[in-house]
Amino acid sequence: AFLPRRAEEAHILFQDGGGGDLPRVRRIEVLDGAGRPKSAVATWDEALFRVSFETKEALASGSVVLDIWDLRQHRLVVLDSGSLVPFGAGLQSVECRIPRLPLPAGEYIVGAGLAQSSTRWLWREKELGRWMVQGRDVCGLGRPPESSRMAVVVEHGWSSTAAAP
């Protein structure tokens, strides 16, 4: 179930209630480039995702995966640490920076997983929380790109070689 959040917690996409088998993700937050809570994110904003998780034991080939899905269950973005983030034992956090978020305005579902890199899932949940991306007219078209029209926003420009009538 997706629970409504208070305004001061709007940057928290998922918060585990504690307990449960380990390993598991405990919290997912969206931050700005300086590491401060970012309650509103718009198309092409810089976004930093902090994933806090807990493990029983260290794992040198651990992998953190963050998924962003649209509401039609299409997996749009996969952020995978590969084997770049070895797991220590206990509670820890990793951060993934997206310099320019390519998502149009709309609502998305966030999922996450912990894996033994390229081998097996240790823990995975496809639907941990919902997340809103605000619109911004990043292409100069007089309207912001929206998820009902496109899956991602690609920087582009138009020109004409045809003679005017």
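Think of each chain on its own: its residues are numbered from 1, step by step along the sequence as written. This being a predicted model, a pLDDT of at least 70 is required before a residue's local features are given, and a value of 80 or more before pairs of side-chain atoms are given or counted; all residues contribute to the totals for chains, interfaces and linings. Side-chain metrics rest on all non-hydrogen atoms present in the structure, leaving aside hydrogens and water.

Chemist: I'd like a description of the overall build of the protein chain, backed by residues and values.
Modeler: Each helix is a run of DSSP H or I of at least 4 residues and each strand a run of E of at least 2, with the numbering of both proceeding from the N terminus. When helices and strands are tallied, the protein chain shows 0 helices and 9 strands. Shown N-terminal to C-terminal, the secondary structure of the protein chain runs as helices and strands in the order β-β-β-β-β-β-β-β-β. Along the first, second and third principal axes, the C-alpha atoms of the protein chain reach 70 × 35 × 30 Å. For the protein chain, contacts bridging at least 24 residues in sequence account for 62% of all contacts bridging at least 6. Only carbon and sulfur atoms are counted for the fraction: they give 50% of the accessible area of the protein chain, which is about 9400 Å². Neither His nor the chain ends is counted toward charge; the positive residues are Lys and Arg and the negative residues Asp and Glu. Taken as the charge location is NZ of Lys, CZ of Arg, CG of Asp or CD of Glu. When the 20 basic and 20 acidic side-chain charges of the protein chain are each reduced to a single mean position, those positions are 2 Å apart. The contact criterion used throughout is that any non-hydrogen atoms of two residues lie within 4.5 Å. Only the protein chains shown count as covering a residue, and every accessible area follows the Shrake-Rupley method with a 1.4 Å probe.

Chemist: Mind laying out unusual backbone geometry, listing which residues take part and the relevant values?
Modeler: In this chain, Leu-22 is followed by Pro-23 through a cis amide linkage whose omega measures 5°. Here Pro-23 lies in the loop between strand E1 (12–15) and strand E2 (24–31). One non-glycine residue, Ser-118, lies in positive phi territory at about 60°. By the secondary structure assignment, Ser-118 is in the loop between strand E8 (106–116) and strand E9 (120–134).

Chemist: I'd love a proper account of the layout of surface pockets, names of residues and values included.
Modeler: Considered as a void within the structure, the second largest pocket measures approximately 190 Å³ in volume. Any residue with an atom within 4 Å of a point lines the site, the site being either a cavity, points on a 1 Å grid over the protein atoms alone where a 1.4 Å probe fits but cannot get out, or a pocket, an open set with protein on both sides within 12 Å along at least 5 of 7 lines. What lines the second largest pocket is Leu-22, Pro-23, Thr-55, Lys-56, Glu-57, Ala-58, Leu-59, Phe-87, Gln-116, Arg-120 and Leu-122. Note on residue classes: Ala, Val, Leu, Ile, Met, Phe, Trp, Tyr, Cys and Pro are nonpolar, Asp, Glu, Lys and Arg are charged, and everything else, Gly too, is polar. Among the residues forming the lining of the second largest pocket, the class breakdown is 6 nonpolar, 2 polar and 3 charged. Grid points are joined across faces, edges and corners, and a volume is the space filled by probe spheres set on the points.

Chemist: So what about the sheet that holds strand E3 (residues 41–42)? Which residues, and what values?
Modeler: The strands making up a sheet associate through backbone hydrogen bonding, with each pair oriented either parallel or antiparallel. Note on pairing: DSSP must find at least two bridges between two strands before they are called paired. Taken in spatial order, the 5 strands of this open sheet run E3-E9-E8-E5-E6, and their pairing is mixed. Each edge of the open sheet carries a strand with a single partner, namely E3 and strand E6 (75–80). Sheet analysis places strand E5 (residues 62–69) next to E6, joined by 5 bridges and oriented antiparallel. Within E6, the position partnered with Trp-69 by the bridge is Arg-75.

Chemist: Report on the sheet that holds strand E4 (residues 47–55), specifying residues and quantitative values.
Modeler: Across the sheet, which stays open at both edges, the 4 strands sit in the order E1-E2-E4-E7 with antiparallel pairing between neighbours. Two strands bound the open sheet, and with one partner strand each, they are E1 and strand E7 (90–98). This sheet shows a mean twist of 15° between the axes of neighbouring strands, independent of strand direction. Two strands pair when backbone bridges link them, and E4 and E7 are joined in this way by 9 bridges, in the antiparallel orientation. Across the sheet, Phe-49 pairs through a bridge with Cys-96, a residue of E7. Orientation is described by lines fitted to C-alpha atoms, with helices fitted over the stretch in contact, and by angles between N-to-C directions that extend from 0 to 180 degrees.

Chemist: Please give an account of the pairing of E5 that cites residues and values.
Modeler: Extensive coverage of E5 is indicated by the burial of 8 of its 8 residues. Throughout this description, buried means an accessible area under 20% of the type-specific maximum (1.4 Å probe, protein chains only), exposed means over 50%, and partly exposed covers the range between. On E5, burial covers both faces: Gly-62, Val-64, Leu-66 and Ile-68 on one face and Ser-63, Val-65, Asp-67 and Trp-69 on the other are all buried. Pairing analysis gives 8 bridges linking E5 to E8, with the strands arranged antiparallel. Across the sheet, the residue bridging to Val-64 is Leu-114, located in E8.

Chemist: An account of the pattern of salt bridges is needed here, citing residue identities and associated values.
Modeler: Any carboxyl oxygen of Asp or Glu within 4 Å of a side-chain nitrogen of Lys or Arg constitutes a salt bridge here. Under the definition given, this model contains 15 salt bridges. For Arg-26, the salt bridge identified is with Asp-16, shortest N-O distance 2.3 Å. Of this pair, Arg-26 sits in strand E2 while Asp-16 is found in the loop between E1 and E2, placing the two residues 10 residues apart along the sequence. Take Arg-26: its relative accessible area is 12%, and that puts it in the buried class. The exposure class of Asp-16 is buried, given its relative accessible area of 14%.

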